[in-house]
Amino acid sequence: MRRWSLWLGLAGATITLVLAPLLSQITFGTQDHLWGFVALSIAVLMMAITNGEYAVFQGLGRLKKLARITIYGTVTGLLVSIPLFYYLREDSVVVSIVAYAAANVFFAIVLRNKEYPAAQVTLRETVTMGGAFVRLGVFMTLGNFVNILSTYIFNAWLNTTAGTGEVGLYQAGFTLINKYTGLILTALGMEYYPRLARVAESKMKLRVFVSQEINIALLVMVPVIAVFVLLRRPIVQLLYSEEFVAILPFVSWGLVGIIFRTVSWCMAFVVLAKGSGRVFLITETISSALGLALNIVFYQRWGLVGLGWAFTVWYVVYAAMMACVYLRHYGLRLSRQCLVAVMWATALTVAIVVLVEQSLVVAAIAVAVVATLINAQQLKKQWRR
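All values reported here derive from a predicted model rather than from experimental measurement.

Focus: the nonpolar core
Grouped together as the largest cluster of nonpolar side chains are 81 residues, with contacts concentrated most on L196, V210, I214, L218, I247 and M267. Here this core takes 18 residues from helix α11 (residues 248–273), the largest share from any one element. With 6 residues, the next largest nonpolar core counts Y54, F57, L66 and A108 among its residues.

Observations regarding unusual backbone geometry
Despite not being glycine, S359 has its phi angle at roughly 65 degrees, a positive value. By the element assignment, S359 lies in the loop between α14 (336–357) and α15 (361–384).

Brief notes about the pattern of salt bridges
Once their charged atoms are close, side chains differing in charge can pair, the charge on each being opposite to the other. Counted according to the given criterion, the structure contains 6 salt bridges. Across the salt bridge formed by R2 and E53, the nearest N and O atoms sit 2.8 Å from each other. Of this pair, R2 sits in helix α1 (residues 2–18) while E53 sits in helix α3 (residues 34–60), and the two are 51 residues apart along the sequence. The class of E53 is buried, set by a relative accessible area of 3%.

Notes on helix α4 (residues 63–88)
Because an α-helix completes one turn every 3.6 residues, residues spaced three or four positions apart along the sequence face the same direction. Given a rise of 1.5 Å per residue, 26 residues ought to cover 38 Å, and the 36 Å separating the end C-alpha atoms of α4 matches this to within 8%. Inspection of α4 places L66, I69, G73, G77, S81 and L84 among the buried residues, and these make up the whole buried set. Tucked inside the fold, the buried residues of α4 contact α3, α5 (93–110) and α8 (164–198).

Quick look at a nonpolar patch on the surface
Together, I15, L17, V18, L19, L22 and I26 make up a nonpolar patch on the protein surface, roughly 560 Å² of accessible area in all. Secondary-structure elements contributing two or more residues to the nonpolar patch are α1 and α2 (20–28). With 3 residues, the top contributor of residues to the nonpolar patch is α1. Structurally, the position occupied by I15 is in helix α1.

About the thresholds
- Residues numbered from 1 in each chain as written.
- Predicted model: local features only at pLDDT ≥ 70, side-chain atom pairs only at ≥ 80, totals over all residues.
- Heavy atoms only, no water.
- Core = buried A, V, L, I, M, F, W, Y, C linked by side-chain atoms within 4.5 Å.
- Buried < 20%, exposed > 50% of the residue type's maximum accessible area, 1.4 Å probe, protein only.
- Helix = DSSP H or I, 4+ residues; strand = E, 2+ residues; numbered from the N terminus.
- Salt bridge = Lys/Arg side-chain N within 4 Å of Asp/Glu carboxyl O.
- Expected span 1.5 Å × (residues − 1).
- Contact = heavy atoms within 4.5 Å.
- Patch = residues over 30% accessible without salt bridge, like charges linked within 9 Å, V, L, I, M, F, W, Y side chains within 5 Å.
- Areas by Shrake-Rupley, 256 points an atom, 1.4 Å probe, with all protein chains shown as cover.

Dropping the structure here:
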């Protein structure tokens, strides 16, 4: 695993290094940022090595130690990045990314798993034994690359159309919608994916696990979304500045899409658990192309708030697509309780967003409190089971 991580990291770093002039020209219209992309190639290598170690911990079920290492690396990277951003401003972006990657790879290597003795594995055995997971990994990487490429293309288009400031607003809003709520899904997925992979050949267990995960994820996500919507202004002011309040409608409507992202996320793991690399690549490619098209069309028509609507429409369609794959390709279905949970979560989220957008904050708080109490009670029942 570590050999493959090193090889793939070196390959990624080399590609980034070779394409540095082209990436600078495409992104900024000049080659003045060439050395920035050269520096980023180092981060690519370190991130590949780090993720290899993380995969070992996840596969062995050492989730507590993995969490501890991740926290150490993240906090260290944050402590290094804050003064860099404060003193160097925009010039600190590349340095901060490299510093963050260095902090994570440091703790991953120093505290990596040493429970087992070093195995005497030849290079031929490494290639043979790693072939299966690398083949799936290639499809996963291509799917993720298509996703990143679509985001990259939209950022470049938005930068050309509306300027760097608008790109900053979009990135800030997208981070609030996707990244912070995504932390919950990532945390759930650390245990969910290995558990799903162990029962990949049993339709009954897959169906039960997926429906159960959707129920639990939605019970957790709805209160989080409610808090984000109700406290959106102070959150934006705390994380960014008063200038970013323009993204508030974008954030509110985009958070509705998180419900459908959660549902599709739970079903999409079946594709990976089954090792269906081609299916994963096809669905991710369609999803990325759809997201790019919706972003461009909705932004041209409605501006920043249109990007929030585009995000929600995107994941509604993507969830429907994954449901078709889940039902038709794998012969699975969601439980009736799960479908009720999806409708309940959607209704609550839409109600809270509409009330906040209409400045009916007291009513929105009342709905959020009731929803949180009900979800807490349901989570308690799930925990007992």
